[in-house]
Each structure stands twice: as C-alpha cells, then as structure tokens.
Amino acid sequence: MAVRLGLGALRQLPVQSRPRVRPGTVPAGIVHLGLGAFHRAHQAVYTEAAIAEAGGDWGIVGVAPRSTDVLTKLAAQDGLFSVTSLSDDGGETHVIGALAGVRHAASDPAAVVALLAAPEIRVVTLTVTEKAYQMDPATGRLRPDAAVAADLTGDGPPATVPGLLVRGLLARAAADAGPIALLSCDNLPSNGKRLHGLVTQALEYAGTPGAVVDWVRGNVTFPGTMVDRIVPATTTETLAAAQRALGVADLAAVAAEPYRQWVIEDAFPAGRPAWERAGAVLTDDAGSWERLKLRALNGVHSALAYLGALAGRETIAEALALPGMAAMLRRFVAEDVAGSFVPPEGVSVVEYGDSVLERFANAAIRHRTIQVAMDGSQKLPQRVLHTLIDRRASGASPRWGALVLAAWMRFVQGETDAGQPLPLDDPLAERIRKALAAGRDTPEGVVDALFGLTEVFPAELTSDDTIRTLVAEWLAALTTHGVEAVLAP
C-alpha cells in the first residue's frame, strides 16, 4: 500500500512537486467556507503563491459546511493536497500547503463562529455555490427558509451560510475584533454586492441592534471577484495520476485545466495576501469581468452541457466536437453575448469566446456534461437569461441564446435524444416536474409552464412574445429532430 501524502512524506516527493509553503509555519489569516475542488485548485493555489512570493500571515482555515469526506482526507494529510494541471500533452502536479487547518461547520458551528470573530482572521472567502446564499435569483433578495430563519432569530447553533456569517459578525462586533473583508468567489453577478445585500438583509431579519449594524457598516467590506478555472470532479483517474506523479497517495487530489484567472476588487480594510504577485488582477470594479465570464464562458459551458447531454455526449470536449456545435457557439457569443454588455477595456468578447472554445476542447479535462448541467434553475439567470433580456432591451432577437434556454427545457424533461434517462439534479426539481406535468403536451405548453417558475424567470422575459416564440420554435425542433440534426451545418 502506498505511503499517504503528509508532512512526513514531503521528502519523498519530486522536488518540483513540493509545496511552496509548509503547513504549520504560516499562521491563519483567512477563513474559507467551502472545501470543494474549485477552492483547492484556485484560491488556495493563488494564496500559497502569494505567501511564497511576499510572505504574510495568510494561512487558510478551510471550513466544510456539511460533508466530512474531503475534510477527513485533508486532516489525515496534514492539510496537504495536490493539483494536477491537465493538458492534451501531459500535466504537472504540485502539492499545495496553504491550509493552516480544517473545520466542520455542521458538527462544530461554534468553532467556526469563533474563528470569524478572531482578530487574526482578516479575510473570509466563500465558494459555496449559488444555493447556499439562500437568495432569490430573480431579485437578489434573501429568501430565508425555516433553517435560515432559525439561524437568524433562534438560540440554536447556526447551520446555514447566512447564519454562520451573521453569528460570526455579531461575535466579532461584540469583541471589537477589527475590520474584515468577506470575499465571494462564486459565479454570481455582482457577487460582492449580493453578499453585502445578503448580510445586510440577514442582520435586519435578525433584529440586530443599530450599534452593531453600524459596526458592520464601518468595519466589513464585500469586494467583488471574478474567478475562472475549469475544475472537473475528482475521479479515480485523478487520484491515480496524482500518485504516479508524486510517488505517494493523495486522497484529496484535484485536477484542473492549466488556465486560471482571478479578478479582485481591492477593498481589504485589514490587509490581504499579495495575490497580484501570484497573477491575480486587482481592480476598482470587477463587474465587467464578471459579466464577461458569466455570459461568454459559463453561458457557453451550460449550452454545451444541455445540448451535449441530450446528444448522449459524456464530456464537454465531446459535446464541442459535435458537427455544427462550435459554429453555433461562435454565433451565440458574437451575435448575442457580445452586444449584451460593455466588456473590460481592451477586451474583445469574440476573441475571449474563441479562447473559451479552445479551453473547452481540451480532452484531458473530462468535465462531465451532467455535472455542468446540475442546478440549472440557479445558473440560468446569470449565464443566459441576462443575455436574452439585455439583447431584447436593445431591440435584437437573441436567437442562439433562445436555443440554449430551449435546450435546458428539453434537458429537464429527463431523456436524451436516444431515450436514455437524464438526471434532474436541481433545488427546484419537484417544482420543475410539476410544471412539466401541467404543460408538456406541446412546446408552447412546456414554455408557458416553465416560465411560471417566477423565481427563475423574471416578468420582463416571460412577457416578451419574441422570446417565447424563439424558445418554443427551438424546443419543437430539438424535440422532433434531436440535437445533432438541429446543429448540423
């Protein structure tokens, strides 16, 4: 049996794969909520490089909100894990040592609250996905369910992300523990503003005294970010590749594409790691970068997921190889996405879209279409619907964006073009099924029924006859002929 990765195994690692920071030597300055693969392949990589280049007490305490699987593996490996950068001509594997500790929020929420209130913690980062924010995707307002309401108004231990943040800030204010930045790294439009709004609404919902609200207003910032790196789910091959490269077993290994990007609004009242030394872009406003990525990358990703899954393609690269797919996506970017927003200065949306397709063609990144397609009701507004709405506002008819939306409507019906079952992994799964049961006799009926999901589809979209017609026409074509025939050049 192979030796397990850990501090005791560092000398066995190839020199080029060893961590740049040794766990235990850098005190914690960051708490991260969400220990998933993306954080480990993105923010942890940037932070380790920043510490190695410029120093600072910026070790990360990683918090797993619910699952103990990754946490247990990391704890057994002294917080060490590897990231393999995959490409068609091979890959490189590096062990990351940025973690200064791990915690489990569900079993010990008090410890997490205490961390958030500790003066040495000056930055909190989050990768908890859209669902955990408990926000209405159409309005951006806090949508407290029973658990969130109990967290904010009850005496029990917090069990949700809004509850943990509010309890932590209340404790920090009570201790006057100094300023802190809360940094959302999730794919949400204006993610910093949304997190700010969530915390503000949660404090109001909890009946927080005015003095505490004033303390939060004066001591807590919410910088916006744009994050980008394709990180597929870990598989047995991921673990095997890491072991081949390292000579030891790493059960917390992740793989990712070589490309990575992080754009950060520079608003940190108590300091931050020198992330720019690791290649991050520091800016006054990340909004245009966020829209670029959400619409021209994530929107394309979702298109490939729905259309590819319907056509029976397992991976994103295989979906992109479908005849006519790349040409359709180029038209989607050029004709719909590019005219829907103002990009960052000096950036061509069309050229950015071409680079995205090059990245998605990387067959070594076996990003499964089914994985990308999950939680579609939460992702559609940011990735596709805003493009449709903004193009309609300028008088255009976003034909290709309507095809992407129709592909989602066909996907949630649960069968591939060949009649094989498709999973519906979505927080609104039951609502979607009920809507389909009420309106799936015709494409127009399906569109009408699904447009009734008002938490997903805003009135400015559902009341637009042009959009309804385009989506229904594409849905009819996909249902009758299938993806390959619809895309065929």
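Note: the structure precedes this text.
Residues numbered from 1 in each chain as written. Predicted model: local features only at pLDDT ≥ 70, side-chain atom pairs only at ≥ 80, totals over all residues. Heavy atoms only, no water.

Draft legend 1. Summary view of the environment of A37. The topology assignment puts A37 in helix 1 (residues 37-41). Along the chain, A37 and L310 lie 273 residues apart, while their C-alpha atoms are 26 Å from each other. In contact with A37, not counting residues within four places along its chain, are V231 and V254. (Helix = DSSP H or I, 4+ residues; strand = E, 2+ residues; numbered from the N terminus. Contact = heavy atoms within 4.5 Å.)

Draft legend 2. The sheet that holds strand 11 (residues 261-265), seen in detail. The strand order across the open sheet built from three strands is 9-11-12, with neighbouring strands paired in mixed fashion. Because the sheet does not close on itself, it has two edges, and the strands there are strand 9 (225-228) and strand 12 (281-283). Between one strand axis and the next, the sheet turns by 15° as a mean value, whatever way the strands run. Relative to strand 12, strand 11 runs parallel, the two sharing three bridges. Counted as the bridge partner of V263 is V281 from strand 12. Of the strands in this sheet, strand 9 and strand 11 touch helix 10 (residues 287-310), which is tilted by about 35° from strand 9. (Pairing = 2+ DSSP bridges. Axes fitted to C-alpha atoms, helices over the stretch in contact; angles between N-to-C directions.)

Draft legend 3. Here's a closer look at the nonpolar core. By size, the foremost hydrophobic cluster in this structure holds 79 residues, and its most contacted members are L405, W408, M409, L450 and F457. Top contributing element to this core by residue count: helix 10, with 12 residues. In this structure F457 touches L380, L385, L405, W408, M409, L450, F451 and T462, once residues within four positions along its chain are discounted. Among the nonpolar cores identified, the runner-up in size contains 40 residues, and L116, A118, V161 and L195 belong to it. (Core = buried A, V, L, I, M, F, W, Y, C linked by side-chain atoms within 4.5 Å. Buried < 20%, exposed > 50% of the residue type's maximum accessible area, 1.4 Å probe, protein only.)

Draft legend 4. Representation of the pairing of strand 7 (residues 180-184). Most of strand 7 sits inside the fold, with five of its five residues counted as buried. Where burial is concerned, the two faces of strand 7 agree: the one with I180, L182 and S184 and the one with A181 and L183 are both buried. The pairing of strand 6 (residues 123-126) with strand 7 spans four bridges and is parallel. Bridge assignment links T125 to a residue of strand 7, and that residue is L183.

Draft legend 5. Examining helix 6 (residues 161-175) more closely. Between its first and last C-alpha, helix 6 extends 21 Å over 15 residues, near the 21 Å set by a 1.5 Å rise per residue. Here helix 6 lies mainly inside the structure; 11 of its 15 residues are buried. Residues of helix 6 that are buried include every one of V161, P162, G163, L164, L165, V166, R167, G168, L169, R172 and A173, and no others. For helix 6, the N-terminal cap is T160; the gap from its side-chain oxygen to the backbone nitrogen of G163 is 3.2 Å. Immediately downstream of helix 6, the backbone of D176 shows phi near 45°, a positive value. (Expected span 1.5 Å × (residues − 1). Polar contact = N/O pair within 3.5 Å; in protein donor to acceptor, adjacent residues only side chain to side chain.)

Draft legend 6. Examining the packing of aromatic side chains more closely. Tallied over the entire structure, the rule returns seven aromatic pairs. Here the aromatic cluster, defined as three or more aromatic residues joined through ring pairs, consists of Y46, W262, F268 and W275. Taking NZ or CZ as reference, R260 lies 4.3 Å from the ring centre of Y46, over its face. Sitting over the face of the ring of W400, R399 holds its NZ or CZ atom 5.6 Å from the ring centroid. (Phe/Tyr/Trp six-rings, centres within 6.5 Å; stacked < 30°, edge-to-face > 60°. Lys NZ or Arg CZ within 6 Å of the ring centre and 35° of its normal.)

Draft legend 7. Local environment of unusual backbone geometry. In this model, D78 sits at a positive phi of 60°, which is unusual for a non-glycine residue. Note that D78 resides in the loop between helix 3 (69-76) and strand 3 (81-87). Although it is not a glycine, D375 adopts a positive phi angle of roughly 60°. Looking at the element boundaries, D375 is found in the loop between helix 14 (369-373) and helix 15 (376-393).

Draft legend 8. Highlighting the side chain of S288. With respect to the helices, strands and loops of the structure, S288 is situated in helix 10. Setting aside residues up to four positions removed in sequence, S288 forms contacts with F341, V342, P343 and P344.

Draft legend 9. Layout of the sheet that holds strand 6. Ordered in space as 5-2-1-6-7-8, the six strands form an open sheet in which the pairing is parallel. Each of the sheet's edge strands pairs with one partner strand only, and the pair in question is strand 5 (99-104) and strand 8 (220-221). Where strand 2 (residues 59-64) lies against strand 5, five bridges are found, and the strand directions are parallel. Residue pairing for strand 5: V61 is matched across the bridge by G101.

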